[in-house]
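Each chain is listed here by its residues.
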Amino acid sequence: MKITLDIWRQKSPNDKGKFVRYELDGVSKEMTFLEMLDYLNDKLIKAGDEPVAFDSDCREGICGTCGLFINGRPNGPVKGITTCQLNMSVFKDGDTITVEPFRAKAFPVIKDLIVDRSSFDKLIQSGGFISVNTGAAPEANSIPIKKEIAERAFDAGICIGCGSCVAACKNASAMLFVSAKISQLALLPQGQTEAKERVRTMIREMDRLGFGNCTNTGACEAECPKEISLWNIAKMNREYYKATLG
Amino acid sequence: MLNSKIPDGPLAEKWTRYKATCKLVSPANKKKLDIIVVGAGAAGAAAAASMAELGYNVKVFVYQDSSRRAHSIASQGGINATKNYKNDGDSDYRLFYDMIKGGDFRAREANVYRLAEISNNVIDQFVAQGVPFAREYSGYLANRSFGGVQVSRTFYAQGQTGQQCTLAAYQALMRQIKAGKAEMYSRRFVMDLIVIDGKARGIITRNLVTGEIERHGAHAVVFATGGFGTVYYLSTLAINSNGSAAMAAYRKGAFMANPSMAQIHPTSIPVLNDYQAKLTLMSESLRNDGRVWVPKNKGDKRNPNDIPEEERDYYLERRYPAFGNLVPRDVASRAAKERCDAGYGVGSTGLSVYLDFRDAIKAQGKQAIADKYGNLFDLYTKITGMDPYTEPMRIYPASHYTMGGLWVDYNLMTTIQGLYAIGEANFSDHGANRLGASSLLQCAGDGYFILPVTIGDYLSEEIKTPKISVDDPAFDKAEKEAADKLKKLLSINGTQTVTSFHKRLGHIMWQYSGMVRNEEGLNKALKEVNELREEFWKDVKVPGKIDEFNHELEKAFRVADFFDLAELIITDALHRKESCGAHFREEYQTEEGEPLRNDEEYMYVAAWEYTGEKSAPKLHKEPLTFENVKVTKRSYK
Ligand SMILES: Cc1cc2nc3c(=O)[nH]c(=O)nc-3n(C[C@H](O)[C@H](O)[C@H](O)COP(=O)(O)OP(=O)(O)OC[C@H]3O[C@@H](n4cnc5c(N)ncnc54)[C@H](O)[C@@H]3O)c2cc1C
Ligand code: SF4
Ligand code: FES
């Protein structure tokens, strides 16, 4: 296939950046999207040009490193996948594809398609944990947990911290990410002692870091590669009211 | 002479005695001591958090943008412990025995027993930290089986156990960062280790964003840098996994143990095309319910569902009736290779076998299977476009794990004073083959419960050592060498990309030093690796500059180290004239094609010492003694 790529190139955080067009011939439907970018880079390097900087690591949809904004959507046109899981078979010969970094005030661009998401670490630091020192844990089966509760906690816990929810949101809100952690920990008996404090500090931190407010558009859930549910935001709001009123 | 420093006393009392008698550091003194931890996967994050909780000043270095992304996040199937919740006869001794046998009698008894002993604490810790392990309807924890064992001792969170455990350790570390006891340096690549007067005192890193080369000093250094299966190019590891930190330690005097003990995992999604950068694992847990087979007729191109029962060869069940589909990984991998090499493989390349859930779905219903493996099935469908609920999966072996690694003693200290290696980066617990669900256990065990104790024994002698100054000439020298190496890589300006070299190297390793090896092939590989390395240093093309974000330069640095590592792997594989576990030398096999150990001559850990760029590494042997198990032929028949 022949593909036209409009790729965001930006030398450094302070550079203004611009789209650059690449015509890429010989793309195979069997390639993943990132393998297609590898292939482009291979050509650029051989031609003496600078390769496009993009990030990836596990290449199997679990580390959360790779997110790109493809044709105006986080991770491209297919629902429920990360960028590294996107296959070129969804594109047609002659297609034009625009590729941009995730954009949000709290995710400044480092170079080309790579952004700084350390604000997510800061959010977890502000309370996304259970304060149990090593060695202080009781016997694991001493607290039974209902299967469905454990499963709910798991469904929230599988967030990969990719930032697609932030990139998808017109307000660049981190609500889905934060709520997934809050609800995972609040569902489990182990996390309940700190639940009130956690929801307060994490929400405060989210504002401080420059993430926007949630206006319930649901774009985050629609674009989340792990299909983390909006239910978590509702749960977080309930936790927040409990914490601030109760 | 290697001293493994195993405490005296009966096996089951060694660790207790050690803890009761090791030297301690007072809380006031801990505050004065700095520890560098490189890597924050399950091992590094657990260690860093636990040591920070104790009061040490911990600095953590990772190459990813966040430590949550370490490749431990990708581990799937589960984590072992000896809770015996199933009442199926499990015990510390049994896990110990399974691991010693699984490792084909090439692991160290005392270390393995200790791991079994602390396994329950690991599960307790994770549950308390909020890991949503699978539960029964009663609300109690659920278990499943993994290969190479006959009890059900694996705890799991669907196919994302590693993710949940890694995030728990990550969160514990984030808590310590907030508390000011740990500091995170992300997007840093460790290029060298600093040794002053025989002691590890710091590291040289490259800031991957600015390109700046930085110095960091500490009283002790911990390498938790994971595995280097990426030396094979295609593997189930993250594409940036590397052997550079291990090689830096090796060049500075840390011995490398059993580097050729590399696990090729039997159930990966097969290679689909030439551009592929990575292979995706399908968890071993699938072999609990999936049956492995190939057609009985060579080149049978029928749809697998149209091939009747009597024309299917369930070769694992046929060859290993006692363990069937749950034989250990090395056995399953070789058996798949054997069938494919003999012409029975399926798929367009003939390099895959079926893993079939038809019978399990019939017996248990689709929902039960979905509950256990739903997300793995989804992953498979996303990658291959095929539906394992209605047609068998296709799988093939892939490079997955390194049992070998930096040599460590009972304290997890390398042969360099004050340099520790934990998690997959060390060698001690898995011998010649690792059993499933035991790596996460080892990583977390090392990090939470072992290192925080043993490091105190060393640091108790360091309380008078002031802060390590980075102005020491050792830092000057190492920094200059690191910069020179990068400049050299940039200056070659040849015609071939870094990746093309990595692919060729991987091909040599896979061909001659993979699942099956022989002397002729290994000698050939040695020669080819050397030639390729020469070609690399003459003709590689690395674009860009040193003082900027430069992925190609990072890759080139890693691939340069992979050449040296490959050479060491081959040297080790050549020297071990026996077959054991994953190390299968064709010359040494039984008539039935099973590995033939040579305990008389090779019952030792091979620890290699660096002697210079141009000279051969020197072999040191740590003899292995088995006082608590009977050394037998490892059989799964
Ligand atoms: C797909 C897959 C599935 C698996 N499933 C299971 C399972 O079900 N059960 C089980 O027990 N085991 C499993 N394993 C094995 C297990 O996951 C790993 O052995 C284990 O997670 C390794 O953890 P670690 O902490 O040692 O290293 P990793 O998690 O790999 O972390 C390495 C760390 O070192 C850092 N690092 C490396 N090199 C450098 C450098 N040069 N400079 C700076 N930082 C560096 C990285 O940033 C990272 O933080 C699986 C492995 C894979 C690949
Ligand atoms: S909630 Fe979804 S989109 Fe947001 S960080 Fe987590 S996995 Fe990514
Ligand atoms: S590279 Fe890990 S999620 Fe895509």
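This structure is a prediction, so every number in the text was calculated from the model and none was measured.

With that out of the way, let us pick up the site of ligand 2. Close to ligand 2 lie 13 residues; A:Cys159, A:Cys162, A:Gly163, A:Cys165 and A:Cys224 are nearest. Its residues placed into classes, the shell around ligand 2 shows 10 nonpolar, three polar and no charged.

What follows covers the sheet that holds strand S6 (residues 188-196) of chain B. Residues and elements named next belong to chain B. The three strands lie next to each other as S6-S7-S8, forming an open sheet whose pairing is antiparallel. Edge positions in the open sheet fall to S6 and strand S8 (213-217), since each of these has one partner strand only. Within the sheet, the average angular offset between the axes of one strand and its neighbour, ignoring direction, is 25°.

Take the site of ligand 1 next. All names here are of chain B. As a structural note, the neighbourhood of ligand 1 is formed by 37 residues, with Gln64, Ser72, Glu424, Ser439 and Leu440 the closest of them. Within the backbone of Gln76, an N or O atom sits 3.1 Å from a nitrogen atom of ligand 1. At a separation of 3.1 Å, a nitrogen atom of ligand 1 approaches a polar side-chain atom of Asn242. Starting from 1,000 Å² of accessible surface for ligand 1 in isolation, the protein chains cover 97%. The cavity that encloses ligand 1 is the largest cavity. Those elements that place two or more of their residues in the shell around ligand 1 are helix H3 (42-54), S6, strand S15 (393-402) and helix H12 (439-459).

All names here are of chain A. Domain annotation for chain A reports domain 1 (3-110) and domain 2 (117-245). Computed over C-alpha atoms, the centres of domain 1 and domain 2 are 29 Å apart. Counting from both sides, the interface comprises 20 residues of domain 1 and, opposite them, 22 residues of domain 2. Together, the buried faces of domain 1 and domain 2 total about 1,600 Å²; carbon and sulfur atoms form 55% of this surface. Contact with domain 2 buries surface across domain 1, with Pro74, Ala106 and Phe107 losing the most and accounting together for 31% of the total. At the junction of domain 1 with domain 2, the criterion picks out one salt bridge. Ionic pairing is found between Arg73 and Glu223, a salt bridge with its closest N-O pair at 2.9 Å. Class assignment of the residues belonging to the side of domain 1 that touches domain 2 gives a composition of nine nonpolar, seven polar and four charged.

For the rest of this paragraph, the subject is empty space enclosed by the protein. Taken as a whole, this structure holds 13 cavities of 30 Å³ or more when the rule is applied. Taken as a whole, the largest cavity holds about 820 Å³ of empty space. The wall of the largest cavity is formed by 50 residues, among which B:His71, B:Ser72, B:Gly226, B:Gly227 and B:Glu424 lie closest to the centre. Only H3, S6, helix H7 (244-251), S15 and H12 of chain B provide two or more residues apiece to the lining of the largest cavity. Reported here for the second largest cavity is a volume of approximately 140 Å³. Contributing to the lining of the second largest cavity are 15 residues, with A:Asp55, B:Tyr63, B:Gln64, B:Arg187 and B:Asn240 lying nearest its centre. The dominant element in the lining of the second largest cavity, judged by the number of residues it contributes, is helix H16 (residues 551-575) of chain B, at three residues.

It is worth spelling out the layout of surface pockets at this point. In this approach, a probe sized like a water molecule rolls over the atoms, and the result shows the empty space that is left. Residues and elements named next belong to chain B. Approximately 1,000 Å³ is the volume attributed to the largest pocket. Lining the largest pocket are 30 residues; nearest its centre among them are Arg251, Arg533, Asp564, Tyr610 and Glu613. Only S6, H7, helix H13 (473-492), helix H15 (519-539) and H16 provide two or more residues apiece to the lining of the largest pocket. For the lining of the largest pocket, the leading source of residues is H16, giving six residues.

The next thing to look at is the interface of chain B and chain A. Each partner contributes to the interface: chain B provides 70 residues, whereas chain A provides 69 residues. For the pair chain B and chain A, the summed buried area comes to about 5,900 Å², and 53% of that belongs to carbon and sulfur atoms. Put simply, B:Asp65 and A:Arg117 hold a salt bridge, and the shortest N to O gap is 3.2 Å. Connecting chain B to chain A are 41 residue pairs in polar contact (both at pLDDT 80 or more). For the side of chain B that touches chain A, the elements supplying multiple residues, two or more each, are H3, helix H5 (109-128), helix H6 (161-178), helix H11 (366-384), H12 and H16 of chain B. Considering every element that reaches the side of chain B that touches chain A, the biggest residue donor is H6(B), with nine residues. Broken down by class, the residue content of the side of chain B that touches chain A amounts to 30 nonpolar, 23 polar and 17 charged.

Criteria and cut-off values
Residues numbered from 1 in each chain as written. Chains lettered and ligands numbered in written order. Predicted model: local features only at pLDDT ≥ 70, side-chain atom pairs only at ≥ 80, totals over all residues. Heavy atoms only, no water. Near = heavy atom within 4 Å. Nonpolar A, V, L, I, M, F, W, Y, C, P; charged D, E, K, R; others polar. Pairing = 2+ DSSP bridges. Helix = DSSP H or I, 4+ residues; strand = E, 2+ residues; numbered from the N terminus. Axes fitted to C-alpha atoms, helices over the stretch in contact; angles between N-to-C directions. Polar contact = N/O pair within 3.5 Å; in protein donor to acceptor, adjacent residues only side chain to side chain. Areas by Shrake-Rupley, 256 points an atom, 1.4 Å probe, with all protein chains shown as cover. 1 Å grid on protein atoms, 1.4 Å probe; cavity = no way out; pocket = protein on both sides within 12 Å on 5 of 7 lines; lining within 4 Å. Sits in = over half its atoms within 2 Å of the grid points. Domains from an automatic or database assignment. Contact = heavy atoms within 4.5 Å. Buried area = accessible area lost by both parts, 1.4 Å probe. Salt bridge = Lys/Arg side-chain N within 4 Å of Asp/Glu carboxyl O. Points joined across faces, edges and corners; volume = space filled by probe spheres on them.

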